[in-house]
Amino acid sequence: PVPPSVPVVLAVIFCDASSQFLVFPFIPFLVRAQLSLPADHPHVPVYCGFLAAAYLFGQFICSPFYGGLSDRLGRRPVILGCVLASSCFLLAFGFSSSYVLSLCLRLLQGASAGALTVGKLYLADVTDPTNEGRVFSLIGIAIGSGCIVGPALGGLLADPSLLAVPR
């Protein structure tokens, strides 16, 4: 049997993946607005790429530390701390009016995205040979679903008028 905590951890992994890609649909608009650039400016894609890469760079630098931290403090506190910090940085990113601040916030959001790393460790702890194959395949589904839902939700947030019910 699958332990009852598994769906909760998979939901956290799903949210982590969603938040990573949530901003992608509106990054070009954000860059143009924050840097006062015209739509056809040749550097817009470069600045968008930096914002996208900042998250992954932060995650790349900090992910190795979360395993040891969760061994010392416990899996649950580290997952909760990462979710809280990542959510705060994403919210602050949404209110940022400066490109440099947005870049820093994306880096910090990625640096605090340890829920995926620690979530996998937690799932390794609570599974056994009878259910680990099933549970670990669900990690891929949680990440993949988050990568689908994140940009779709971001697209709706980029143009809230799409949510209006036609009359």
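Residues numbered from 1 in each chain as written. Predicted model: local features only at pLDDT ≥ 70, side-chain atom pairs only at ≥ 80, totals over all residues. Heavy atoms only, no water.

## Examining the overall build of the chain
Move 1: In terms of regular secondary structure, the chain is built from seven helices and zero strands.
Move 2: The linear arrangement of helices and strands in the chain, starting from the amino end, is α-α-α-α-α-α-α.
Move 3: With respect to the principal axes defined by its C-alpha atoms, the chain has extents near 55 × 45 × 25 Å.
Move 4: Of all 167 residues assigned to the chain, the portion counted as buried reaches 39%.
Move 5: For the chain, restricting intrachain contacts to residue pairs at least 6 apart in sequence, the fraction spanning at least 24 positions comes to 76%.
Move 6: Accessible area of the chain: about 9200 Å², with a carbon and sulfur share of 74%.
Move 7: Where the 8 positive side-chain charges of the chain centre and where its 7 negative ones centre are 5 Å apart. (Helix = DSSP H or I, 4+ residues; strand = E, 2+ residues; numbered from the N terminus. Buried < 20%, exposed > 50% of the residue type's maximum accessible area, 1.4 Å probe, protein only. Contact = heavy atoms within 4.5 Å. Areas by Shrake-Rupley, 256 points an atom, 1.4 Å probe, with all protein chains shown as cover. Lys, Arg positive; Asp, Glu negative; His and termini not counted. Charge placed at Lys NZ, Arg CZ, Asp CG, Glu CD.)

## A look at helix α3 (residues 44-73)
Move 1: The terminal C-alpha atoms of α3 lie 42 Å apart, and with 30 residues this matches the ideal 44 Å at 1.5 Å per residue to within 8%.
Move 2: Every buried residue of α3 is listed here: V44, C48, L51, A52, A54, Y55, G58, Q59, S63, Y66, G67 and S70.
Move 3: Of the residues flanking the end of α3, it is G74, one or two places downstream, whose phi is positive at about 105°. (Expected span 1.5 Å × (residues − 1).)

## Remarks on the environment of D128
Move 1: With respect to the helices and strands, D128 occurs in the loop between α6 (115-126) and α7 (132-158).
Move 2: Along the sequence, D128 and P7 sit 121 residues apart, while their C-alpha atoms lie 16 Å from each other.

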